[in-house]
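Here's the letter readout for the chains.
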Amino acid sequence: MARIDLDHIRHAYMANPSSDADYALREVHHSWDDGGAYALLGPSGCGKTTLLNIISGLLTPSEGKILFDGKDVTGLQPEERNIAQVFQFPVVYDTMSVADNLAFPLRNRGMAEADVQARVAEVLEMIDLVDIANRKARGLTADLKQKISLGRGLVRADVNAILFDEPLTVIDPHMKWQLRSQLKLLHRRFGHTMVYVTHDQTEALTFADKVVVMYGGEIVQIGTPQELFERPSHTFVGYFIGSPGMNVLPVALDGARAQLGEQSIVLPGAASRTDGKRTELGIRPEYIRLGASGMPVSVRAIEDIGRHKIVRAMIEGHELAIVLDEDSSVPADPHVTFDPTGINIYADDWRVKLGG
Amino acid sequence: MQGVSSPAASTGSDLDGATDPHLGGKAWEGFFYMLELDKVSKVSNGEAHITDVSLRLDSGTLNVLLGPTLSGKTSLMRIMAGLDRPTRGRVLSDGQDVTGLAVQKRNVAMVYQQFINYPAMTVYENIASPLRISGADKATIEREVDRAAELLRLGPYLQRTPLNLSGGQQQRTALARAIVKKAGLVLLDEPLANLDYKLREELRAELPKIFSESGAIFVYATTEPSEALLLGGNTATLSEGRITQVGSTVEVFRNPVDMVTAQTFSDPPMNLLPMEKRQGKFVKQGVRDIPVPAALSHLADGPCTLGFRPHNLSLTAEAGTTPLSAEVRVTEITGSESYIHLIHEGRRWVMLVKGIHDIEAGTMLEMHLDTRYLLVFDRDGRTVRAQPAGA
């Protein structure tokens with residue numbers, strides 16, 4: 001396992017990039033811990049796959065270096081980097097048995113057959129494929145084939161990192177729950193460095209110790225799921241994480257108060273100077289209390305989505321999403337209050353600190 | 001449900017409708033008032049894909065087909081579209097038998113999981129193609145394409161070709177084409193499965209609005225319970241080629257008729273606990289007795305299975321909760337909530353609690369079950385119906 005250093009990496013797919021907009025990946029400069037589980041999360045076109053391909057060696061960055069445990073691997077081919085990869089669609093040998101598919105990467109590297117058998121047995125156990133170990137891969141469902149791919153990604157203990165590129169896309173929801181928790185368990189047990197690319201927030205948040213949120217070719221925040229939820233550092237993170245995402249409302253700031261239309265909202269602290277910048281207040285639907293007092297809202301729709309309800313309301317001419325418990329209902333003359341712990345202030349989309 | 005299309009169009013293809021001078025601007029509205037599947041089965045190569053499906057879909061409704069891969073969703077849609085002929089049973093459109101009618105003769109639009117566009121045409125021409133085929137005039141084409149492009153935010157890309165677009169933009173192009181077609185029956189087969197999570201969330205909210213304007217019958221296949229709940233409308237749950245329940249989406253979710261439906265409509269999966277009812281209690285060796293809720297007191301004594309959803313387990317005792325314990329396997333944290341994966345007597349359970357709770361694997365965890373939402377299945381897997389108080 002290895003620490004991964006991304007040293008001032010930039011990448012453009014065109015020959016002579018001149019402006020920032022020409023770069024699929026703008027400046028990325030980070031160090032990822034040995035044994036960490038990282039998820040790269042963002043919409044399509046955000047640069048997450050470009051970054052993964054630079055780590056795997058499928059792509060050489062236009063600028064910058066990549067190091068595994070301090071060793072420069074920028075010029076090395078994927079097969080020279082000692083990594084395992086799992087892709088979106090299963091890559092298995094149909095004519096081989098499940099067990100032989102798992103054994104393949106080990107035999108390929110000349111591991112003694114007794115060791116191969118022991119390791120394959122262990123992996124079969126981990127991913128629940130013992131029962132079909134001797135069946136040919138041909139004819140198995142996409143679910144099972146992808147399980148084999150995951151197993152093959154995990155079979156070598158000595159890799160620098162395991163890279164996952166949207167590995168659960170073809171998996172049915174119920175199986176996703178099993179495989180996700182299995183991966184998490186395996187990470188806890190074996191401590192591989194794992195990098196997991198996804199556009200699915202649930203997958204990213206539940207899998208990773210650290211989620212790397214990308215937007216427009218840049219990393220906008222690296223944080224724990226809790227940090228991304230409570231303190232999104234950019235309005236995009238607020239929007240992208242959470243379902244529905246964070247409400248972002250235009251406000252005028254006056255010390256420790258924010259003015260939203262006719263309403264004055266007390267902030268947990270005074271915002272630092274934001275001269276001339278566009279200022280907004282971010283509040284997640286989960287931090288809004290609906291009741292008889294507070295700021296008046298008009299309710300446009302109530303969506304019952306099972307274990308909770310989403311209330312679509314208007315406040316001072318702006319849309320506001322509110323999350324309500326399954327058993328709660330909307331009062332006749334609805335008002336809202338914002339839980340101060342859930343309030344964040346943004347200037348030109350970046351979070352500003354609130355003083356005491 | 002009121003039909004919106006003119007009766008004159010009810011026998012024609014969209015081409016006839018387009019040239020009918022009496023229909024004016026509404027020339028392309030669908031001719032389906034109601035689509036009915038009557039005891040439909042489909043067998044191919046000796047394998048049953050669809051078994052005895054009867055279903056009635058009204059104009060202007062959103063109907064979700066919910067079930068795992070290979071449960072028969074696509075097979076059913078192909079029969080509705082006229083792409084496949086059922087082995088047994090009939091397909092009726094507004095009471096008329098259309099079982100053998102080819103897809104070209106029906107006013108149907110279909111969108112698949114894989115984006116299908118004409119690669120050599122611009123996005124504009126892709127969206128305009130059904131209108132050109134139906135002989136619409138230039139002004140109509142411009143108006144309808146612009147409207148669909150605006151709804152699906154394709155305005156900036158109209159002059160590009162599909163291969164120069166992202167997956168999401170390509171799928172939005174396919175959806176725009178289905179919108180301008182103004183078909184009476186719109187079939188969407190996991191249309192958002194390959195799209196970004198957030199884009200899916202937005203399109204999911206917009207799609208019902210977009211299509212409800214047209215008065216079409218809207219059928220949407222998905223494997224994801226959360227998607228069905230966000231779409232609302234009606235849901236039919238599928239399992240192994242059979243429909244297990246049909247009803248309003250929330251009703252099917254809250255009151256599944258059997259264990260299979262409950263499991264199909266649970267994400268995270270439903271937790272199950274086999275017990276035995278003995279007078280006023282559910283009992284089992286090693287599990288504390290659970291009082292039988294009053295509404296279920298009519299249940300006969302004997303073996304049964306309790307089902308409860310992950311958010312009905314909590315870490316704190318409250319009124320109406322009953323204690324349980326299970327071993328922690330692993331915890332997943334989503335930022336505001338925690339999924340605690342558990343093992344109870346060899347069965348996997350999931351618990352969903354608010355806040356951050358990172359509990360060490362192997363811990364024997366005490367938890368509390370909210371019995372208000374408890375489902376009880378009899379030995380045949382049927383849900384025991386609650387009897388209203390006082391009955």
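Please read all numbers here as calculations on a predicted model, not as lab measurements.

A. Representation of the overall build of chain A in the model. The helix and strand tally for chain A stands at eight helices and 23 strands. Overall size of chain A, expressed as C-alpha extent along the three principal axes, is 75 × 50 × 35 Å. Residues counted as buried form 54% of the 356 residues belonging to chain A. Carbon and sulfur atoms make up 48% of the accessible area of chain A, which totals about 14,900 Å². Placing the 36 positive and 47 negative side-chain charges of chain A at their respective mean positions leaves the two points 3 Å apart.

B. Main features of the nonpolar core. Among the nonpolar cores identified, the biggest contains 49 residues, and V120(A), L124(A), I148(A), F164(A), V211(A) and V213(A) are the most heavily contacted of them. The contacts of I148(A), once residues within four sequence positions are left out, are V92(A), V98(A), N101(A), L102(A), L129(A), A137(A) and L140(A). In terms of nonpolar packing, the next biggest core, distinct from the first, is built from 46 residues, V64(B), Y124(B), L131(B) and Y157(B) among them.

C. Highlighting the environment of D34(A). Residue and element names in this part refer to chain A. Its location among the elements puts D34 in the loop between β2 (25-32) and β3 (37-41). Residue D34 is classed as partly exposed on the basis of its relative accessible area, which comes to 45%. For the pair formed by D34 and F190, sequence separation is 156 residues and the distance between their alpha carbons is 12 Å. Once residues within four sequence positions are removed from consideration, D34 is found in contact with M1, A2, R3 and T193. Among the polar contacts made by the side chain of D34, one reaches the side chain of T193 at a distance of 3.4 Å.

D. Examining the sheet that holds strand β19 (residues 308-315) of chain A more closely. Residue and element names in this part refer to chain A. The three strands are arranged β18-β19-β20 in an open sheet whose pairing can be described as antiparallel. Either end of the sheet is taken by a strand with one partner, and the two such strands are β18 (298-304) and β20 (318-325). Along the sheet, successive strands turn relative to each other by an average axial angle of 20°, direction set aside.

E. Looking closely at the packing of aromatic side chains. Scanning the model with the defined rule gives 14 aromatic pairs over all chains in all. With a centroid separation of 4.7 Å and 80° between ring planes, the pair formed by W177(A) and Y339(B) is classed as edge-to-face. Of the two residues, W177(A) sits in helix α5 (residues 173-190) while Y339(B) sits in strand β17 (residues 337-344), which places them in two different chains. Owing to a relative accessible area of 6%, W177(A) belongs among the buried residues under this scheme. Between F236(A) and F240(A) the ring centres are 5.2 Å apart and the planes differ by 20°, which places this aromatic pair in the stacked class. Here F236(A) pairs with F240(A), and both are found in helix α8 (residues 235-240), just four residues apart, close to one helical turn.

F. Layout of the layout of surface pockets. Of the voids in this model, the second largest pocket is the one considered here, and its volume is about 940 Å³. Listing elements by their share of the lining of the second largest pocket, those giving two or more residues are α4 (142-154) and α5 of chain A together with β2 (47-58) and α2 (73-81) of chain B. Its residues assigned to classes, the lining of the second largest pocket shows 13 nonpolar, 16 polar and 14 charged.

G. The interface of chain A and chain B, seen in detail. Counting residues at the interface gives 37 residues for chain A and 43 residues for chain B. Roughly 3,700 Å² is buried in total at the junction of chain A and chain B, and carbon and sulfur atoms are behind 50% of that figure. The interface formed by chain A and chain B includes eight salt bridges. As a salt-bridge pair, R348(B) and D128(A) come within 3.2 Å of each other at their nearest N and O atoms. At the junction of chain A and chain B, the tally comes to 17 residue pairs in polar contact (both at pLDDT 80 or more). Mapped onto the side of chain A that touches chain B, the elements with two or more residues apiece are α5, α6 (201-207), α7 (225-230) and α8 of chain A. With ten residues, α5(A) is the largest single contributor of residues to the side of chain A that touches chain B. Class assignment of the residues belonging to the side of chain A that touches chain B gives a composition of twelve nonpolar, 14 polar and eleven charged.

H. Structural view of the sheet that holds strand β16 (residues 288-291) of chain A. The three strands are arranged β16-β21-β17 (chain A) in an open sheet whose pairing can be described as antiparallel. The open sheet has two free edges, formed respectively by β16 and β17 (295-296) of chain A, since each of these has just one partner strand.

I. The arrangement of α2(B) in detail. All names here are of chain B. Summarising burial for α2: seven of the nine residues are buried, a large majority. Among the residues making up α2, those that are buried are K73, S75, L76, M77, I79, M80 and A81. With its phi angle positive at about 90°, G82 sits one or two positions after the end of α2.

J. Expanded view of the environment of S166(B). Checked against the element boundaries, S166(B) lands in the loop between α4 (138-151) and α5 (167-181). As a C-alpha pair, S166(B) and L195(B) span 29 residues in sequence and 9.5 Å in three-dimensional space.

Rules used in this analysis
Residues numbered from 1 in each chain as written. Chains lettered and ligands numbered in written order. Predicted model: local features only at pLDDT ≥ 70, side-chain atom pairs only at ≥ 80, totals over all residues. Heavy atoms only, no water. Helix = DSSP H or I, 4+ residues; strand = E, 2+ residues; numbered from the N terminus. Buried < 20%, exposed > 50% of the residue type's maximum accessible area, 1.4 Å probe, protein only. Areas by Shrake-Rupley, 256 points an atom, 1.4 Å probe, with all protein chains shown as cover. Lys, Arg positive; Asp, Glu negative; His and termini not counted. Charge placed at Lys NZ, Arg CZ, Asp CG, Glu CD. Core = buried A, V, L, I, M, F, W, Y, C linked by side-chain atoms within 4.5 Å. Contact = heavy atoms within 4.5 Å. Polar contact = N/O pair within 3.5 Å; in protein donor to acceptor, adjacent residues only side chain to side chain. Pairing = 2+ DSSP bridges. Axes fitted to C-alpha atoms, helices over the stretch in contact; angles between N-to-C directions. Phe/Tyr/Trp six-rings, centres within 6.5 Å; stacked < 30°, edge-to-face > 60°. 1 Å grid on protein atoms, 1.4 Å probe; cavity = no way out; pocket = protein on both sides within 12 Å on 5 of 7 lines; lining within 4 Å. Points joined across faces, edges and corners; volume = space filled by probe spheres on them. Nonpolar A, V, L, I, M, F, W, Y, C, P; charged D, E, K, R; others polar. Buried area = accessible area lost by both parts, 1.4 Å probe. Salt bridge = Lys/Arg side-chain N within 4 Å of Asp/Glu carboxyl O.

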